[in-house]
Amino acid sequence: MYRALTRDIEVCVEPYYLEEQSDPDDSRYVWGYRIVIANHSKMSVRLTHRYWHITDQNGQVDEVSGPGVIGEQPRLRPGDTYEYSSGCPLDTPSGMMFGHYRMETDDGEEFEVAIPAFSLDAPGMQRILN
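Conventions adopted
- Residues numbered from 1 in each chain as written.
- Predicted model: local features only at pLDDT ≥ 70, side-chain atom pairs only at ≥ 80, totals over all residues.
- Heavy atoms only, no water.
- Salt bridge = Lys/Arg side-chain N within 4 Å of Asp/Glu carboxyl O.
- Helix = DSSP H or I, 4+ residues; strand = E, 2+ residues; numbered from the N terminus.
- Phe/Tyr/Trp six-rings, centres within 6.5 Å; stacked < 30°, edge-to-face > 60°.
- Buried < 20%, exposed > 50% of the residue type's maximum accessible area, 1.4 Å probe, protein only.

Taking an unreviewed UniProt entry as the reference, the chain is identified by name as Protein ApaG belonging to Rhizobium daejeonense.

### Looking at the pattern of salt bridges
Enumeration according to the criterion identifies 6 salt bridges in this entry. A salt bridge links E14 to R34, with the shortest nitrogen-to-oxygen separation between them at 3.0 Å. Residue E14 is located in strand 2 (residues 9-17), and its partner R34 is located in strand 3 (residues 29-39); the two are separated by 20 residues in the primary sequence. A cluster of three or more residues bridged by salt bridges with shared partners is formed by E14, R34 and E83.

### Looking at the packing of aromatic side chains
What the rule picks out here adds up to 6 aromatic pairs. Measuring from ring centre to ring centre gives 5.3 Å for Y33 and W52, while their planes differ by 55 degrees; the resulting arrangement is tilted. Pair noted here: Y33 is in strand 3 and W52 is in strand 4 (residues 45-56), with a separation of 19 residues, a long-range link. Side by side, Y33 and W52 carry an identical accessibility label, which is buried. Taken together, a centroid distance of 6.0 Å and an interplanar angle of 90 degrees make the contact between W52 and F118 edge-to-face. Of this pair, W52 sits in strand 4 while F118 sits in strand 9 (residues 110-121), and the two are 66 residues apart along the sequence.

Written out as structure tokens, the structure reads:
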């Protein structure tokens, strides 16, 4: 599990390989990821936007942004958690993702919350560190 904490908003990510949706012979590799956002702060926040920076093993970058997550803009009161799952296809057997959420407080203040960088590695892949 990967974690990041920004202004007492914690984001945890658990990626997993989706073998049944992947087809290595066709250069299609698919991962799912589960995200848990926990509001440890003393203020309510709404997740209004997301931004993802996705890099495959060849260095090809894809940037994805838009309103909310999975069609929702959840509001988290102090102590609340919000969980969702999504997915990411790549043309290579490994890659990485990171990003941020834009949050808005009840009084209109906007700020970014980090989504930790996490690796996407197909089973049996040998990691090479530079």
